[in-house]
Amino acid sequence: IRIAFILFFAFFISYFLPRTGLSNPGTIVPQTVLFSFLLGFFINRSIQRKQSLSQGISIELASLRHVHHVSEGLRSASFVKNVLNAIKKYHASMSAYFPNSEKANEAFRHMTHLVYLFRPVDSKDVPVYMDILSTTKELALERQRILTSLNASLSSYSFIMIAIAAFFVVVLSLALRDAGGTSHFGCAAIISGILIAMDLLRLTDRLSESLIEKYKNLYMMNMKKMGHED
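Attention here is on the structure that accompanies the text.

Calculation notes
Counting starts from 1 at the beginning of each chain's written sequence and moves along it residue by residue. Only residues with pLDDT of at least 70 get local features here, since the model is predicted, and only at 80 or more are side-chain atom pairs given and counted; chain-wide, interface and lining totals rely on the full set of residues. To obtain the side-chain values, all non-hydrogen atoms of the structure were included, while hydrogens and water were left out. Under the DSSP-based scheme used, a helix requires at least four consecutive residues in state H or I and a strand at least two consecutive residues in state E, with every element numbered from the N terminus. Throughout, radius of gyration means the C-alpha value; the globule benchmark is 2.2 Å times the number of residues raised to the power 0.38. Think of it in three bands: with a 1.4 Å probe and only protein chains considered, a residue is buried below 20% of the maximum accessible area for its type, exposed above 50%, and partly exposed in between. A helix's residues, less one, multiplied by 1.5 Å, set its expected span. It is the directions from the helix axis to the C-beta atoms whose arc is reported. Two aromatic rings from Phe, Tyr or Trp, using only the six-membered ring of Trp, form a pair when their centres are within 6.5 Å; if the ring planes differ by under 30 degrees the pair is stacked, by over 60 it is edge-to-face, and anything between is tilted. Remark: a charge is flagged as sitting over a ring if the NZ atom of Lys or the CZ atom of Arg is within 6 Å of the ring centre and within 35 degrees of the ring normal. The term nonpolar core refers to a set of buried residues drawn from Ala, Val, Leu, Ile, Met, Phe, Trp, Tyr and Cys, joined through side-chain atoms within 4.5 Å. In this analysis, two residues are considered to be in contact whenever any of their non-hydrogen atoms come within 4.5 Å of each other. Excluding any residue in a salt bridge, patches collect residues exceeding 30% relative accessible area, merging like charges within 9 Å and nonpolar Val, Leu, Ile, Met, Phe, Trp and Tyr side chains within 5 Å. To be clear on the numbers: accessible area is Shrake-Rupley with a 1.4 Å probe, and residue cover counts the displayed protein chains and nothing else. When a carboxyl oxygen of Asp or Glu lies within 4 Å of a side-chain nitrogen of Lys or Arg, that pair is called a salt bridge.

## A few points about the overall build of the protein chain
Point 1. Within the protein chain one finds eight helices and zero strands.
Point 2. From first element to last, N terminus to C terminus, the protein chain shows the α and β order α-α-α-α-α-α-α-α.
Point 3. Its C-alpha atoms give the protein chain a radius of gyration of 26 Å, clearly above 17 Å, the size a compact globule of 230 residues would have.
Point 4. Taken along the three principal axes of its C-alpha coordinates, the protein chain extends 85 × 30 × 20 Å.
Point 5. Taken across its 230 residues, the protein chain has 42% of its residues classed as buried.

## Examining helix H8 (residues 209-225)
Every α-helix carries 3.6 residues per turn, so stepping three or four residues along brings you back to the same face.
Point 1. For H8, which comprises 17 residues, the first-to-last C-alpha distance of 24 Å matches the rise-based estimate of 24 Å (1.5 Å per residue) to within 8%.
Point 2. Listed as buried for H8 are Leu211, Ile212, Tyr215, Lys216, Tyr219, Asn222 and Met223. For H8, the angular spread of buried residues about the axis comes to 145°, placing them on one side. Projecting away from the buried face of H8 at angles above 90 degrees are the exposed residues Glu209, Ser210 and Lys225.
Point 3. Just beyond H8, the residue with positive phi is Gly227, at close to 95°.

## Remarks on the packing of aromatic side chains
Point 1. Under the criterion given, the structure shown has nine aromatic pairs.
Point 2. Seen in terms of ring centroids, Phe167 and Phe168 are 5.9 Å apart; in terms of plane orientation they differ by 70°. Their pairing is edge-to-face.
Point 3. The exposure class of Phe167 is exposed, given its relative accessible area of 51%.
Point 4. One aromatic cluster in this structure is built from Phe11, Tyr15 and Phe185.
Point 5. Just above the ring of Phe108 sits the side chain of Arg143; from NZ or CZ to the centre is 5.3 Å.

## Topic: the nonpolar core
Point 1. Among the nonpolar cores identified, the biggest contains 35 residues, and Leu53, Ile57, Phe79, Tyr90, Phe98, Met111 and Val115 are the most heavily contacted of them.
Point 2. Mapped by element, the contributors of at least two residues to this core are helix H2 (29-71), helix H3 (77-97), helix H4 (105-117), helix H5 (126-150) and H8.
Point 3. Here the element with the most residues in this core is H3; it accounts for eight residues.
Point 4. Excluding its chain neighbours within four sequence positions, the residues that come into contact with Met111 are Leu64, Ala86, Ile87, Tyr90 and Leu139.
Point 5. Counting 19 residues, the second largest nonpolar core, distinct from the first, contains Ile13, Phe42, Ile162 and Ile191.

## A few points about the environment of Lys89
Point 1. With respect to the helices, strands and loops of the structure, Lys89 is situated in helix H3.
Point 2. Residue Lys89 is classed as partly exposed on the basis of its relative accessible area, which comes to 47%.
Point 3. Spatially, the C-alpha atoms of Lys89 and Met111 are 8.8 Å apart, while their sequence positions differ by 22 residues.

## Let's talk about a nonpolar patch on the surface
Point 1. On the surface, Phe5, Phe8, Phe9, Phe12, Tyr15, Phe16 and Phe185 cluster together to form a nonpolar patch covering roughly 840 Å² of accessible area.
Point 2. Ranked by the residues each element gives to the nonpolar patch, the list is headed by helix H1 (residues 2-16), at six residues.
Point 3. By the secondary structure assignment, Phe8 is in helix H1.

## Side note on the pattern of salt bridges
Point 1. Here the structure, examined in full by the defined rule, presents six salt bridges.
Point 2. Salt-bridge contacts for Arg2 lead to Asp199; the nearest nitrogen and oxygen are separated by 2.6 Å. With Arg2 in helix H1 and Asp199 in helix H7 (residues 184-205), this pair connects stretches of sequence that are 197 residues apart.
Point 3. Accessibility expressed as a relative area gives 42% for Arg2, which makes it partly exposed.
Point 4. Among the ionic pairs, Asp205 bridges to Arg49, the shortest N-O distance being 3.9 Å. Of the two residues, Asp205 sits in helix H7 while Arg49 sits in helix H2, which places them 156 residues apart along the sequence.

Such coordinate-based values are descriptive only and should not be taken to indicate function.
Structure (structure tokens):
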């Protein structure tokens, strides 16, 4: 439906919009190249952002499983119980609040503080604890990457910049139509391409509902892998 509306709009203004009054519009190649450059740059940035988010979540989930399983080998029953409950609570928070993951900060800080403040009494627990401590530090880095990726969507200034470039291409294509440099159909095709490209950028930059549900389910499935069914 969205594409149909774009095509209708493009053909409508191409065939029925009054003459622009511009003479000798020249060529739209420089403006089109600028628009294409900005479009490619912003789409690539959005794709990289999603890839970084996906990698960060995958590493975080694997690291959480590692901490969970290794912690079970410690001899401090109270610490094991507390840290496993903290891991479970963090998963539940991320599953409930994603992509507003800042709301899970408290659960994450509680989990990491338990690890940082723990002091093994049994010397046999020291190597296990050092492994947990090292993994927890990696978790902190990955969580920062996740938060950064979630907050790195294109700014309004970026959309304004590419919208201005698109506006000039559309106006000049209409001027070429009036000067006989292109047909009405050709003008409509140019405008359609510009608008569809803008829509593609918007879709690439946003996190779709299906993607959000996918990540929420990953945290729920990770809990089940660790033996937490609820």
